[in-house]
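Results of the structural survey
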Protein chains: 2
Amino acid sequence: MMRPPAEIGIPLEEVESPALILDLDTFERNLKRLADAGRRLGVRLRPHAKTHKCPVIARRQMALGAVGVCCQTVGEAEAMVFGGIDDVLVTNEVVDRVKVNRLVSLAKQARVAVCADDAGNAEALNAAAAAFGARLDVLVEVNVGANRCGVEPGRPALVLAEAIAALPNLNFAGLQAYHGAAQHIRDFTERRSAALSAAKKAGATKALIEGAGLPCERVTGAGTGTYRFEPESGVYDEIQAGSYVFMDADYGHNLDEGGGAVSEFEQSLHILATVVSRPDRARCIVNAGHKALSVDSGMPVVDGDEGARYVGASDEHGKIEFAESRRGFDPGERVRLVPGHCDPTVNLHDWIVGYRGNHVEALWPVAARGAF
Amino acid sequence: MMRPPAEIGIPLEEVESPALILDLDTFERNLKRLADAGRRLGVRLRPHAKTHKCPVIARRQMALGAVGVCCQTVGEAEAMVFGGIDDVLVTNEVVDRVKVNRLVSLAKQARVAVCADDAGNAEALNAAAAAFGARLDVLVEVNVGANRCGVEPGRPALVLAEAIAALPNLNFAGLQAYHGAAQHIRDFTERRSAALSAAKKAGATKALIEGAGLPCERVTGAGTGTYRFEPESGVYDEIQAGSYVFMDADYGHNLDEGGGAVSEFEQSLHILATVVSRPDRARCIVNAGHKALSVDSGMPVVDGDEGARYVGASDEHGKIEFAESRRGFDPGERVRLVPGHCDPTVNLHDWIVGYRGNHVEALWPVAARGAF
């Protein structure tokens, strides 16, 4: 792990760049808002830790009432359990032989659940659990619209649920029903409609399974873009929002009922960059490129400055162009960038630098950075 | 740092995925081919370590005759010096106050050079060098076509060179003249022409500086896409190719004289992935997405299988679609992916798993992973 880019107590302008900086006041408001929304909506919260990869943040989420966290890899789940979280759901299929063993070992140390969409994989999970003398909770992942992993809703899900329930070291623990593609549908009505369509498929599948006499103890899913909608259906027990803690430019493009930008969560996370070159009046170069931020969902945005546009990244450089009216930034000036996509951006950093006002208050290790 | 995904001696099929795997025979051929080319072309080699971020590999390059390595960040330079490399050129501007101090401290432990394109930055470098009692080699970065950092060729470069030479703790050490945008021009003749245009600008600038009575001890630049061309000009003393050790899908699209794919270097690096889901006959999902590979220069390519196409990544998933005639891959099967862009992909991993034939022979830490 790299050394931290700051020390506790220093002013923000002395933080080495590039660095991930977190406005703690804003972050705490985001945490509280989802916790309040969960209570209002009558669903449990199981925030996704793939966003922050940081057990310190996961424990803050637990302290506000989350029942556990979601992870996407066994390595993340290990980092969370070792960092003090005792209830983890891996919202993914785990297939690699060594990773199956690591997962089952972890299930002897904490409450661990995993998803499956294949009977052969369920048998491999059962064999490993038996070898370790463990019991593993397994959810059936259902394809509710994302067309990624998951069995089709209805009968294929029932068949797999029954196969899991018949295996002695597995416990059929419900349905994973996450519609990833719905999270970034910009229009409010279309986004809600996609989420409710997912809920309908999940609900019908749950009814089919329970009609066959198999208890379906939970339906879990939803994200920062749709968490308000799935609970309307009465189908979901748990919501899995993750990005709400930080937000990013991509989520910032979602629209609310009135057609304005969504606003229930605020941007708390930025990439602090320094201008390293000002080759001419129209542009400058900052020290944050592909190795400090991810452009998979679009370019980062220069915070609070519509006259400056981050137009392209190379490995260690970012190019910012200025509108004609702008003075621009000179070498040594600091720029705050809103990440295009927070999850893969966080995964490029070893430390989250938490600040309040103008001073560094916390240095949190991104313990699951690179944890496959 | 994460635990390695393999142990020395195990067969390749037991490596945990996703993992960066390196075919050592191919890798060694690549190393030797550039070393031979450097001798043939009459230029020194200073390979770019931003590609591999691995001092073990840098020492292999030195053993074959490289005079030193290039780095892009101070953190990389530290990792290289601490890993046994005693001559490092930072091919970039260093502006952050703490990073300037780290750079100057390093210059007391090894031969360290850095680039500048701004007189104010040169003064800051000089002040730090004076405070540490160090002397620092500084190259003027010249914009030879990339339109990123760098002063314009000719008089602006002379003015900055003279300013650097006048500062007591700096040594004007030559010109950094790298045309990044030329590296991936597909057509051979156009690529050569862009490289020679860069060389012409660098040559004229060098002549101007020497004409003013200031020795210009080296001109350094070039990359894997153009290293054959710059030396034709007689202007360049050093070439900085980096990607040649691994290669990637993007470089694989460059064309040679005859219009075929370039072939002097072979693909030695792959991302080993596992199929985690086979939702239908037309596609499968592998466990390598944005957190295991970078898509900034295009999608990875399924190695040796034209009937299988990696069509999209999400954070932890990759979607592969099959041509109709293909059987496809089932859960548990392994897939080798050619990274779209090797540098930012390597930066996502803590270990390079080196194999020969079918067995793991080496586990090399990516010591400068995340080193800003």
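Keep in mind that this is a model prediction, so the values were computed, not measured. (Residues numbered from 1 in each chain as written. Chains lettered and ligands numbered in written order. Predicted model: local features only at pLDDT ≥ 70, side-chain atom pairs only at ≥ 80, totals over all residues. Heavy atoms only, no water.)

Across its full length, chain A holds nine helices and 17 strands. For chain A, whose C-alpha radius of gyration is 22 Å, the value lies close to the compact-globule estimate of 21 Å for 372 residues. On the principal axes, the C-alpha backbone points of chain A span a range of 70 × 45 × 35 Å. Counting over 372 residues, chain A shows a buried share of 62%. Approximately 12600 Å² of chain A is accessible, and the part contributed by carbon and sulfur atoms is 50%. Across chain A, 40 positive and 49 negative side-chain charges occur, with their mean positions spaced 2 Å apart. (Helix = DSSP H or I, 4+ residues; strand = E, 2+ residues; numbered from the N terminus. Rg over C-alpha atoms; globule rule 2.2 N^0.38 Å. Buried < 20%, exposed > 50% of the residue type's maximum accessible area, 1.4 Å probe, protein only. Areas by Shrake-Rupley, 256 points an atom, 1.4 Å probe, with all protein chains shown as cover. Lys, Arg positive; Asp, Glu negative; His and termini not counted. Charge placed at Lys NZ, Arg CZ, Asp CG, Glu CD.)

Before going further, it helps to examine the pattern of salt bridges. Using the criterion set out here, one finds 67 salt bridges over all chains in the structure. Its salt-bridge partner being arginine 283 of chain A, residue aspartate 280 of chain A comes within 3.0 Å of it at the nearest N-O pair. For lysine 53 of chain B, the salt bridge identified is with glutamate 76 of chain B, shortest N-O distance 3.0 Å. Here lysine 53 of chain B is found in the loop between strand E2 (44–45) and helix H2 (55–63), whereas its partner glutamate 76 of chain B is found in helix H3 (residues 74–82), with 23 residues between them in sequence. (Salt bridge = Lys/Arg side-chain N within 4 Å of Asp/Glu carboxyl O.)

Another aspect to go through is the packing of aromatic side chains. Applying the stated criterion across every chain yields a total of 10 aromatic pairs over all chains. Seen from their ring centres, phenylalanine 188 of chain B and phenylalanine 229 of chain B are 5.3 Å apart, and the 85° between their planes marks the pair as edge-to-face. A residue pair is termed long-range when its members are at least 10 positions apart, and phenylalanine 188 of chain B in helix H7 (residues 188–211) and phenylalanine 229 of chain B in the loop between strand E8 (219–221) and strand E9 (238–239) qualify at 41 residues. Neither phenylalanine 188 of chain B nor phenylalanine 229 of chain B differs from the other in exposure class; each is buried. One aromatic cluster is present, built from ring pairs that chain together Tyr227, Tyr244 and Phe265 of chain A. (Phe/Tyr/Trp six-rings, centres within 6.5 Å; stacked < 30°, edge-to-face > 60°.)

Let us look at the sheet that holds strand E8 (residues 219–221) of chain A. All names here are of chain A. In spatial order, the strands read E2-E9-E8-E7-E6-E5-E4-E3; together these eight strands make up an open sheet with parallel pairing. The sheet terminates laterally at strand E2 (44–45) and strand E3 (69–71), the two strands that pair on one side only. Bridge count for strand E4 (residues 87–93) against strand E5 (residues 111–116) is five bridges, and the pairing is parallel. Looking across to E5, one finds that valine 88 is bridged to valine 112. Contacts from helix H4 (residues 97–107) reach E4, E5 and strand E6 (136–141) within the one sheet, and its direction differs from that of E5 by about 145°. Across the sheet, helix H7 (residues 188–211) lies against strand E7 (170–176) and E8, angled at about 150° from E7, the strand it touches most. (Pairing = 2+ DSSP bridges. Contact = heavy atoms within 4.5 Å. Axes fitted to C-alpha atoms, helices over the stretch in contact; angles between N-to-C directions.)

To continue, consider the environment of lysine 99 of chain A. Positionally, lysine 99 of chain A belongs in helix H4. Along the primary structure lysine 99 of chain A and glutamine 240 of chain A are separated by 141 residues, whereas in three dimensions their C-alpha atoms are 23 Å apart. If near-sequence neighbours (up to four positions away) are discounted, lysine 99 of chain A is found in contact with Val74, Val94 and Phe372 of chain A together with Glu16 and Ser17 of chain B.

Placing chain B over chain A gives an RMSD of 0.0 Å and needs a rotation angle of 180°, together with 0.0 Å of translation along the axis. Put plainly, the chains are arranged around a two-fold axis. Taken as a fraction of all interface residues of chain B, those also at the interface in chain A reach 100%, which identifies the copy contact as same-surface. (Least-squares fit on C-alpha atoms with pLDDT ≥ 70 in both.)

So, about unusual backbone geometry. Residue and element names in this part refer to chain A. In this model, serine 17 is joined to proline 18 through a cis peptide bond whose omega is -5°. Along the chain, the position of proline 18 falls in the segment before strand E1 (19–23). With a phi close to 55°, lysine 53 is a non-glycine residue in the positive phi region.

Per-residue confidence for chain A gives a mean pLDDT of 97, with 100% of residues at or over 70. Taken over the whole predicted complex, pTM reads 0.96, whereas the ipTM for its chain interfaces reads 0.94. (pLDDT = per-residue confidence, 0-100.)

Sheets are built from strands that pair by backbone hydrogen bonding, the pairs being arranged parallel or antiparallel. Residue and element names in this part refer to chain B. Spatially, eight strands are ordered E2-E9-E8-E7-E6-E5-E4-E3 in an open sheet, and the strand pairing comes out parallel. The open sheet has two edge strands, E2 and strand E3 (69–71), and neither has a second partner. Sheet topology places strand E6 (residues 136–141) next to strand E7 (residues 170–176); five bridges connect them, and they run parallel. Bridging from a neighbouring strand, glutamate 141 pairs with glutamine 176 of E7. Lying over the sheet, H7 contacts E7 and E8, oriented at roughly 150° with respect to E7.

If you look at the interface, chain B gives 64 residues, while chain A gives 64 residues. Taken together, the two surfaces of chain B and chain A that pack against each other cover about 4700 Å², and 50% of this comes from carbon and sulfur. Summed over the three residues of chain B that lose the most area to chain A, namely Arg148, Lys291 and Phe372 of chain B, the buried surface amounts to 14% of that side. At the boundary of chain B with chain A, the tally comes to 10 salt bridges. (Buried area = accessible area lost by both parts, 1.4 Å probe.)

For the rest of this paragraph, the subject is the environment of lysine 201 of chain B. Of note, lysine 201 of chain B is situated in helix H7. Taking the C-alpha atoms as reference points, lysine 201 of chain B and valine 142 of chain B, separated by 59 residues in sequence, lie 8.6 Å from one another.

All names here are of chain A. Of note, valine 335 is situated in strand E15 (residues 334–338). Owing to a relative accessible area of 2%, valine 335 belongs among the buried residues under this scheme. With residues near it in sequence (within four places) discarded, valine 335 still touches Ile271, Leu272, Ala273, Val275, Val286, Val302, Ile320 and Phe329.

Residue and element names in this part refer to chain A. For E6, a buried count of six out of six residues is recorded, marking the element as mostly surrounded by other parts of the structure. Of the two faces of E6, the one carrying Leu136, Val138 and Val140 and the one carrying Asp137, Leu139 and Glu141 are both buried. Judged from the four bridges that link them, E5 and E6 form a sheet pairing that is parallel. The partner of cysteine 115 across the bridge, within E6, is leucine 139. The handedness of the E5 to E6 crossover, carried by helix H5 (residues 119–132), is right-handed. Considered for its hand, the β-α-β crossover made up of E6, helix H6 (residues 155–165) and E7 is right-handed. (Right-handed = clockwise from strand over helix to strand, strands pointing away.)

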